[in-house]
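Descriptive analysis of the structure
Given next are the chains, with one letter for each unit.
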Amino acid sequence: MAVALDGAGWHPAAWRETGARPGELLDAPYWTDLVTEAERGLLDFVTFEDALGLQSAAFHLPDDRTDQVRGSIDAVLLAAHLAPLTTHIGLVPTTNVTHTEPFHLAIGIATLDHASRGRAGWRPQISSRAADAAHFGRRTTPQLTEDDVTDSESISQPLRALFTEGAEVVEAARRLWDSWEDGAEIRDAATGRFLDRNKVHHIDFRGSDFSVKGPSITPRTPQGQPLVVSLAHAPVPYEFAALGSDVVAVTPHGRADAAAILAQVTEAVERTGRDLADRPLRTFADLVVLLDDEPGAAARRKARLDEVAGSELASDAEIFTGTPAELADLLLDWRSTGLDGFRLRPAVLPHDLTAITRGLVPELQRRGVFRTEYTSTTLRGHLGLARPASRYAKAG
C-alpha cells in the first residue's frame, strides 16, 4: 500500500480545512512530517506530484484561479531531502519526460537511490499540457481540446507520440542505470586503481528524436534499477507501463471495472512481448479517500469541502468516503480481482493520511492482511521484486 502526496491534499479546498497547514506547503518540515507518518504506518512508498507549470483546475489548460493551491517544490529534490530522514519507506518523485533530458533524469533518480540506500522510485510523466513547452522553447506539443478531455482514451490518443517517446526515455534511463556493473569501483588506494574500466559501458541509445551515448556518471545503485511507477487510464498508457514500468497505478471505478482494466493491462503486456516471469509488473489501484471513524462523517466532510470549493470533487480515480473498516472491506473485495496493491490519495492532509496510518492500517493488520513490521530495507524488497543484474554484465 502506498500514498500519493500532493500539496494540502487531493481536494481543491483542502488547504482551507481546519487542521490543514497552508502556510507550510513549501517548507521541508511539513513534508518530513507527512512522510515519517506514512513510514510509521509501514507503507511501501509515497509518491510526490510534480509538473512543469502551475496547478490548474483544467487538465489541459492553465488557469488564473487564486482560490486554490498554486505553486510547488521540485519532487526529486524533496525526495533527496527526505532520504536521510527516513529508513524504510520508498520515495517516488514524479518527473516530466517530455521536456527534460533523459541523462539528467537518470542520474537524479540514481543519486536518490544512493542517498536513500535503495528506496528510490521514479514516476515518469509525459507533458499533457501544451503550455508547458513555452518554458523551454525547443518544441511544441499537441494542444488538447475540450473534446479530447472527455475521457481517458480521447486524452491519450493525441498524445500517443509523447507516450512512445516517454517509453524511450525510460529505456535510456534503465540502460544508464545498467551502464556501471556491480564491482566497477575498485577504490584500492594501495594499487592506485579506483575503477575497472571494463565494467563501465557506453549505452549508445538512439530514440526517435534523441540519443544518449553514456555511460552514466553515477555508479550502479543499491537497487540496481530504481523502481519505475506509472499512472495509466487507457490502452496507450497501459502499453507505456508494459514497456518500462515495475508498478502501474490504475483507476478503476468499482470491482468489475478493476477486473476489466487488469485484462487490458494483460493485453498490453502481451502486445509488447514482456516476459512477466523475468520482469514482473505490479498493479496498484488508485483511490481518493476521505476517512473518519464516525459513520457518515467523511461524506459530510466532503460535502462541506465541495461547498467551499464551489463544485463537487471530480477525479480520475474512485472517490471513497467512509470509515477505515469500510475502506478495508472495499480494498479486500477489489484485491480479489488480482490487484497487487493500492495507492491512496488523501483528500485532506494531514487528516486523511493519519486516518490511513492509524485507522486503516491497524484494521488491515487485525484482519491479517498487512505487515506489522518492515522486513526489507529496499523498495524493491517491499514489493517482492528481485534486484536485476546489469544487462551489460550478462552480455559480457
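Here, every reference points to the structure presented above.
The text that follows walks through the structure, step by step, so that each part is easy to find. All figures in this text were calculated on a predicted structure; none of them were measured in a lab. Along each chain, residue indices are assigned from 1 in the same order as the chain's sequence is written. Totals for whole chains, interfaces and linings use every residue, but because this is a predicted model, local features are given only for residues with pLDDT of at least 70 and side-chain atom pairs only at 80 or more, for both listing and counting. Excluded from the side-chain calculation are hydrogens and water; included are all heavy atoms of the structure.

1. Focus: the overall build of the protein
A tally of regular secondary structure across the protein gives twelve helices and 13 strands. With the radius of gyration taken over C-alpha atoms, the globule rule is written as 2.2 Å times the number of residues to the power 0.38. Against the compact-globule benchmark of 21 Å for 396 residues, the protein has a radius of gyration of 21 Å, which places it among compact chains. Projecting the C-alpha coordinates of the protein onto the three principal axes gives extents of approximately 70 × 50 × 45 Å. Buried residues are those whose accessible area, probed at 1.4 Å on protein chains only, stays under 20% of the maximum for their type, while exposed residues exceed 50% and partly exposed ones sit between those limits. The buried share of the protein, taken over its 396 residues, is 53%. Two residues form a contact once any of their heavy atoms are found within 4.5 Å. Residue pairs in contact within the protein that sit at least 24 positions apart in sequence constitute 75% of those at least 6 positions apart. Working definition of accessibility: Shrake-Rupley area with a 1.4 Å probe, residue cover restricted to the visible protein chains. A total accessible area of about 17,100 Å² is found for the protein, and carbon and sulfur atoms account for 51% of it. Distance from the positive charge centre (41 side chains) to the negative charge centre (56 side chains) of the protein: 6 Å. Secondary structure follows DSSP: runs of H or I at least 4 residues long count as helices, runs of E at least 2 residues long count as strands, and numbering of each begins at the N terminus. Only four residue types enter the tally: Lys and Arg on the positive side, Asp and Glu on the negative side; His and the chain ends are excluded. Lysine's charge is taken at NZ, arginine's at CZ, aspartate's at CG and glutamate's at CD.

2. Considering helix 9 (residues 324-335)
For helix 9, which comprises twelve residues, the first-to-last C-alpha distance of 16 Å matches the rise-based estimate of 16 Å (1.5 Å per residue) to within 8%. Residues of helix 9 that are buried include every one of Pro324, Leu327, Ala328, Leu330, Leu331 and Trp334, and no others. Down the axis, helix 9 shows its buried residues gathered within 165 degrees of arc, on one side only. On its buried face, helix 9 sits against helix 7 (255-272), strand 11 (282-291), strand 12 (318-322), strand 13 (341-346) and helix 10 (351-366). Expected span of a helix: the number of residues minus one, times 1.5 Å. Working note: the arc is built from the helix axis to C-beta atom directions.

3. Regarding the pairing of strand 10 (residues 247-250)
The side chains of a regular strand alternate, residue by residue, between the two faces of the sheet. By the alternation rule, side chains of strand 10 split into Val247 and Ala249 and Val248 and Val250, which are all buried. Two strands pair if DSSP finds at least two bridges between them. Two elements, strand 9 (residues 227-231) and strand 10, share three bridges in a ladder whose sense is parallel. Counterpart to Val229 in the pairing with strand 10 is Val247. Look down the strands so they point away from you; if going from the first strand over the helix to the second traces a clockwise path, that crossover is right-handed. Where the polypeptide runs from strand 9 across helix 6 (residues 235-244) and back to strand 10, its parallel neighbour, the crossover connection is right-handed. Bridge count for strand 10 against strand 11 is four bridges, and the pairing is parallel. Bridge pairing in strand 11 links Ala249 to Phe284.

4. Looking at the packing of aromatic side chains
Classification of ring pairs rests on two measures: the distance between centres of Phe, Tyr or Trp rings, Trp counted by its six-membered ring, which must be within 6.5 Å, and the angle between planes, read as stacked under 30 degrees, edge-to-face over 60 and tilted in between. Applying the stated rule across the entire model yields six aromatic pairs. Seen from their ring centres, Tyr30 and Trp31 are 5.4 Å apart, and the 85 degrees between their planes marks the pair as edge-to-face. Using a relative accessible area of 1% as the deciding quantity, one classes Tyr30 as buried. Residue Trp31 is classed as buried on the basis of its relative accessible area, which comes to 7%. Seen from their ring centres, Phe205 and Phe210 are 5.8 Å apart, and the 35 degrees between their planes marks the pair as tilted. Site record: aromatic cluster; members linked through ring pairs are Tyr30, Trp31 and Phe48. Against the face of Trp10 rests Arg345, its NZ or CZ located 4.7 Å from the ring centre. Charge over a ring is defined by NZ of Lys or CZ of Arg lying within 6 Å of the ring centre and within 35 degrees of the ring normal. The ring of Phe370 has Arg371 sitting right over it, with the charged end atom 5.5 Å from the ring centre.

5. Quick look at the environment of Arg274
Within the fold, Arg274 resides in the loop between helix 7 and strand 11. By relative accessible area, Arg274 is classed as buried at 9%. Spatially, the C-alpha atoms of Arg274 and Glu37 are 36 Å apart, while their sequence positions differ by 237 residues.

6. Side note on the nonpolar core
Most often, soluble globular proteins have nonpolar side chains that are buried together. Side-chain atoms within 4.5 Å link the members of a nonpolar core, which is a set of buried Ala, Val, Leu, Ile, Met, Phe, Trp, Tyr and Cys residues. The biggest cluster of nonpolar side chains holds 71 residues, and the ones touching the most others in it are Met1 and Phe48. In this structure Met1 touches Leu43, Asp44, Phe45, Phe284, Leu331, Phe342, Leu344, Ile356, Leu360, Val361, Leu364 and Phe370, once residues within four positions along its chain are discounted. Trp122, Ile126, Leu162 and Ala167 belong to the second-largest nonpolar core, a separate cluster that totals 28 residues.

7. Digging into the packing of helix 3 (residues 102-115) against helix 5 (residues 160-178)
At a minimum axis separation of 9 Å, helix 3 and helix 5 run at an interaxial angle of 50 degrees. On the basis of their axis angle, the class for helix 3 and helix 5 is oblique. With respect to the hand of their crossing, helix 3 and helix 5 are arranged in right-handed fashion. Between helix 3, through Pro102, Phe103, Leu105, Ala106, Ile109 and Ala110, and helix 5, the contact on the second element is made entirely by Val169, Ala172, Ala173, Leu176 and Trp177. Residue composition of the contact of helix 3 with helix 5, grouped by class: eleven nonpolar, no polar and no charged. Note on geometry: axes are lines fitted to C-alpha atoms, helical ones only across the stretch in contact, with angles between N-to-C directions running from 0 to 180 degrees. By the definition adopted for this analysis, an angle is roughly parallel if under 35 degrees, roughly antiparallel if over 145, roughly perpendicular if from 65 to 115, and oblique otherwise. Two helices crossing with the near one rotated counterclockwise from the far one by less than a right angle form a left-handed crossing, whereas a clockwise rotation gives a right-handed crossing. Amino acid classes used here: Ala, Val, Leu, Ile, Met, Phe, Trp, Tyr, Cys and Pro are nonpolar; Asp, Glu, Lys and Arg are charged; the rest, including Gly, are polar.

8. Observations regarding helix 6
For helix 6, the tally of buried residues reaches seven of ten residues, placing the bulk of the element in the interior. Along its buried surface, helix 6 packs onto strand 4 (121-125), helix 4 (152-156), helix 5, strand 9, strand 10 and helix 7.

9. Structural notes on empty space enclosed by the protein
Lining residues are defined by having an atom within 4 Å of a point belonging to a cavity or pocket. Those points lie on a 1 Å grid over the protein atoms alone, cavities being sets where a 1.4 Å probe fits but cannot get out and pockets being open sets with protein on both sides within 12 Å along at least five of seven lines. Grid points are joined across faces, edges and corners, and a volume is the space filled by probe spheres set on the points. Overall, the coordinates contain one cavity of 30 Å³ or more when judged by the stated rule. As a volume, the largest cavity reaches approximately 40 Å³. In the lining of the largest cavity, the residues fall into five nonpolar, one polar and three charged.

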